[in-house]
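Now for the letters of each chain:
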Amino acid sequence: MKSNELISIDPEILGGQPVFKGTRVPVESLFDYLEVGMSLDEFIEEFPTVTKEQVVLVLEMANRIISSKNIDKIYEAVA
């Protein structure tokens, strides 16, 4: 799945903050929840417009980015 099929970036939705496609839920919220020790199920319960499949795919995407051999180049591009 391509990132634009999973994540939307639209200036009209939360000022262009990346959200789960078809929702107004910022992707950043998922990582905030995980950071404080909340489970995926708790996140989905709090944001029922986001599916477990979407959450798992975003985490898989993040894993591929972080474990990429080109992580330094990716980091430079977003820093």
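Residues numbered from 1 in each chain as written. Predicted model: local features only at pLDDT ≥ 70, side-chain atom pairs only at ≥ 80, totals over all residues. Heavy atoms only, no water.

Caption draft 1: Main features of the overall build of the protein. Scanning the protein for helices and strands turns up 5 helices and 2 strands. Seen along its three principal axes, the alpha-carbon backbone of the protein occupies a region of about 35 × 30 × 25 Å. The buried share of the protein, taken over its 79 residues, is 27%. Here the analysis covers contacts within the protein between residues at least 6 apart in sequence; of these, 30% occur between residues at least 24 apart. Surface exposure of the protein reaches about 5,700 Å², of which carbon and sulfur atoms provide 54%. Across the protein, the mean location of the 7 positive side-chain charges is 11 Å away from that of the 14 negative side-chain charges. (Helix = DSSP H or I, 4+ residues; strand = E, 2+ residues; numbered from the N terminus. Buried < 20%, exposed > 50% of the residue type's maximum accessible area, 1.4 Å probe, protein only. Contact = heavy atoms within 4.5 Å. Areas by Shrake-Rupley, 256 points an atom, 1.4 Å probe, with all protein chains shown as cover. Lys, Arg positive; Asp, Glu negative; His and termini not counted. Charge placed at Lys NZ, Arg CZ, Asp CG, Glu CD.)

Caption draft 2: Broad picture of helix H2 (residues 27-35). Within H2 the residues assigned to the buried category are Val27, Ser29, Leu30 and Tyr33. Each buried residue of H2 lies within a common arc of 155 degrees when the element is viewed along its axis, so the set occupies one face. Where H2 is buried, its residues contact strand S1 (7-8), strand S2 (19-20), helix H3 (40-46) and helix H4 (52-66). (Arc of directions from axis to C-beta.)

Caption draft 3: Region of interest: the pattern of salt bridges. Tallying each qualifying case throughout the model produces 1 salt bridge. Residues aspartate 41 and lysine 52 are paired through a salt bridge, measuring 3.5 Å at the closest nitrogen-oxygen approach. With aspartate 41 in helix H3 and lysine 52 in helix H4, this residue pair connects regions lying 11 residues apart in the sequence. Look at aspartate 41 and you get partly exposed, because its relative accessible area is 48%. A relative accessible area of 45% means that lysine 52 is categorised as partly exposed. (Salt bridge = Lys/Arg side-chain N within 4 Å of Asp/Glu carboxyl O.)

Caption draft 4: Looking closely at the environment of glutamate 53. Looking at the secondary structure, you find glutamate 53 in helix H4. Along the chain, glutamate 53 and leucine 6 lie 47 residues apart, while their C-alpha atoms are 9.9 Å from each other.

Caption draft 5: Region of the structure containing H4. Counted at 1.5 Å a residue, the expected span for H4 with its 15 residues is 21 Å, and the 21 Å between its end C-alpha atoms agrees. Within H4, burial applies to Gln54, Val55, Val58 and Met61. Here the buried residues of H4 occupy an arc of 125 degrees about the axis, which is enough to place them on one side. Here the buried face of H4 lies against helix H1 (3-6), S1, S2, H2 and H3. (Expected span 1.5 Å × (residues − 1).)

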